[in-house]
Amino acid sequence: MPVLNRIADFAPEMAEWRRHLHAHPELSFDCHKTAAFVAARLREIGVDEIHEGIATSGIVAIIEGQGEGPTIGLRADMDALPITEATGVPHASTVPGVMHACGHDGHTAMLLGAAKYLAETRRFRGRVALIFQPAEEDGGGGEVMVREGILDRFGIGEVYALHNTPTVALGRFVTTPGPIMAAVDTARVVVTGKGGHGAYPHACIDPIPAMVGMVAALQTIASRTVSPLDEVVVSVTEIHAGSANNIIPETGWFGATIRTFRGDVRQQVKRRFEEIVAGQAASYGVRAQVDYELGYPATVNDPGRTAFAAGVAREVAGAAGVADDAGREMGAEDFSYLLEQRPGCYLFLGQGEGAGLHHPAYEFNDEAAPFGASFFVRLVEQAQPV
């Protein structure tokens with residue numbers, strides 16, 4: 001049973017929904033038109049409750065099952081990216097400089113497809129909470145929805161989400177128990193010396209050699225500070241200084257992204273980062289200001305719920321179509337905030353070969369949507385059987 005027959009019947013409708021969303025992308029929390037489209041479809045589908053305006057433009061919709069029971073949460077993200085599209089498809093973005101380059105249009109369409117089936121059949125106990133979330137890419141909409149109380153307000157006991165991936169064969173599911181994606185932190189270091197003429201460096205305090213020393217020394221965090229068994233990434237991704245070849249600048253700055261999985265390692269890396277910058281600043285005679293921001297926490301799957309979700313996925317994709325111990329990734333995801341509060345599982349769904357995520361030529365494969373919608377449906381029916 002690769003795909004539920006009824007969901008296969010309205011696969012063209014899911015594609016139509018997805019392509020409409022693709023043509024009208026919105027950023028961060030400003031997903032008002034997207035949310036209005038989703039709410040209109042939910043009303044047509046016949047869900048029991050629609051709660052709008054959560055985390056500015058988020059939605060939680062409720063479908064009642066047969067009799068008393070728990071509430072299971074299914075989440076889809078809705079926001080796009082500030083990228084100029086280069087797909088050339090007929091339904092390409094109509095918003096300059098904005099496109100769905102990560103497939104959130106497809107995630108939303110899959111959850112709407114699951115909602116349509118569940119509202120028609122209602123072969124489950126308790127309730128389903130459909131979570132349509134803004135600002136996954138920027139702003140942490142998942143954190144805001146949690147902070148605004150959706151888990152307690154709607155009695156959500158466990159949570160699940162899917163994300164497409166072009167690096168995996170169409171219809172194949174990939175997940176792992178425990179950490180599956182990293183915590184992401186950012187740092188901006190401003191270095192101040194004394195500017196002057198490039199021909200007279202002895203009369204200056206040059207911030208550029210200091211920044212070079214800091215960047216080089218920061219690489220020892222992964223190689224000499226943290227255990228080699230604890231995966232860590234410290235990547236300096238920006239360096240800015242100077243305005244002409246005969247001027248020693250007064251200031252410069254560099255930025256970095258830091259990825260970890262464990263909370264204690266996360267704090268260890270932050271502490272060592274700040275110590276290295278301070279030590280290098282002292283040795284070069286400059287001043288350094290570190291702005292170190294803790295971002296999304298690690299996305300940690302509950303082992304029991306992961307085993308359950310993988311079993312459901314095997315119903316949809318077959319035994320060979322599921323990898324349930326696939327290892328972890330250094331990317332980050334704000335579904336982590338929901339998983340900090342409730343047990344659940346985050347899975348990747350293969351959509352076959354194509355441009356990578358966050359690429360201007362990326363296009364969600366509509367053939368993947370029936371797999372995702374079928375997974376969500378069977379997840380509910382098995383978690384809360386009648």
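All of the points below concern the structure found in this document.

Describing the environment of M99
For step 1, the next point in the chain: Mapping M99 onto the fold places it in the loop between β3 (71-77) and α4 (104-121).
For step 2, the next point in the chain: Distance from M99 to D79, taken between C-alpha atoms, is 9.2 Å for residues 20 residues apart in sequence.
For step 3, the next point in the chain: M99 has contacts with H22, P25, A80, L81, I83, T84, E85, T87, S93, H359, P360 and Y362, leaving out every residue within four places of it along the chain.

Remarks on the side chain of T257
For step 1, the next point in the chain: Inspection of the secondary structure assignment puts T257 in strand β12 (residues 251-260).
For step 2, the next point in the chain: According to the relative accessible area criterion, T257 is buried, its value standing at 17%.
For step 3, the next point in the chain: Within the structure, T257 has its side chain in polar contact with the side chain of R259 (distance 3.0 Å).
For step 4, the next point in the chain: Ignoring anything within four residues of it in the chain, the contact list for T257 reads V184, D185, V233, V234, S235 and T237.

Section: the sheet that holds strand β4 (residues 127-133)
For step 1, the next point in the chain: Spatially, β1-β2-β4-β3-β5-β16-β6-β15 is the arrangement adopted by the eight strands of the open sheet, whose pairing is mixed. Single-partner strands in this sheet number two, and they are β1 (49-54) and β15 (322-323).
For step 2, the next point in the chain: Bridge analysis of strand β2 (residues 58-64) against β4 gives six bridges, and the strand direction is antiparallel. Paired with E64 across the strands is R127, a residue of β4.
For step 3, the next point in the chain: Contacting β2, β3, β4, β5 (156-165) and β16 (344-350), α4 runs over the sheet at an angle of about 150° to β3.

Some points on the sheet that holds strand β8 (residues 183-192)
For step 1, the next point in the chain: Here four strands make up an open sheet; going across it, the order is β10-β12-β8-β13 and the pairing antiparallel. Taken across any chain shown, the strands that pair with only one partner, and hence form the sheet edges, are β10 (233-241) and β13 (287-294). Pairs of neighbouring strands in the sheet enclose a mean axial angle of 15°, with direction left out of account.
For step 2, the next point in the chain: As paired strands, β10 and β12 are joined by eight bridges and run antiparallel to one another. Each residue of the ladder has a partner; that of H240, found in β12, is W253.
For step 3, the next point in the chain: Across the sheet, helix α9 (residues 263-284) touches β8, β10, β12 and β13, and the angle it forms with β13 is around 165°.

Structural notes on unusual backbone geometry
For step 1, the next point in the chain: Positive phi is not limited to glycine here, since R122 has a value of about 50°.
For step 2, the next point in the chain: Mapped onto the secondary structure, R122 falls in the loop between α4 and β4.
For step 3, the next point in the chain: The backbone of H358 shows a phi angle near 70°, a positive value even though the residue is not glycine.
For step 4, the next point in the chain: Checked against the element boundaries, H358 lands in the loop between β16 and α12 (369-383).

Some thoughts on the layout of surface pockets
To find the voids left in a structure, one rolls a probe of water-molecule size over its atoms.
For step 1, the next point in the chain: Empty space within the largest pocket amounts to approximately 700 Å³.
For step 2, the next point in the chain: As for the largest pocket, its lining consists of 29 residues, and the residues nearest its centre are E136, E137, R259, A332 and E333.
For step 3, the next point in the chain: Only β5, β7 (178-181), β8, β13 and β16 provide two or more residues apiece to the lining of the largest pocket.
For step 4, the next point in the chain: Counting residues per element, the lining of the largest pocket draws most heavily on β8, at three residues.
For step 5, the next point in the chain: Split into classes, the residues belonging to the lining of the largest pocket amount to 13 nonpolar, eight polar and eight charged.

Definitions and cut-offs
Residues numbered from 1 in each chain as written. Predicted model: local features only at pLDDT ≥ 70, side-chain atom pairs only at ≥ 80, totals over all residues. Heavy atoms only, no water. Helix = DSSP H or I, 4+ residues; strand = E, 2+ residues; numbered from the N terminus. Contact = heavy atoms within 4.5 Å. Buried < 20%, exposed > 50% of the residue type's maximum accessible area, 1.4 Å probe, protein only. Polar contact = N/O pair within 3.5 Å; in protein donor to acceptor, adjacent residues only side chain to side chain. Pairing = 2+ DSSP bridges. Axes fitted to C-alpha atoms, helices over the stretch in contact; angles between N-to-C directions. 1 Å grid on protein atoms, 1.4 Å probe; cavity = no way out; pocket = protein on both sides within 12 Å on 5 of 7 lines; lining within 4 Å. Points joined across faces, edges and corners; volume = space filled by probe spheres on them. Nonpolar A, V, L, I, M, F, W, Y, C, P; charged D, E, K, R; others polar.

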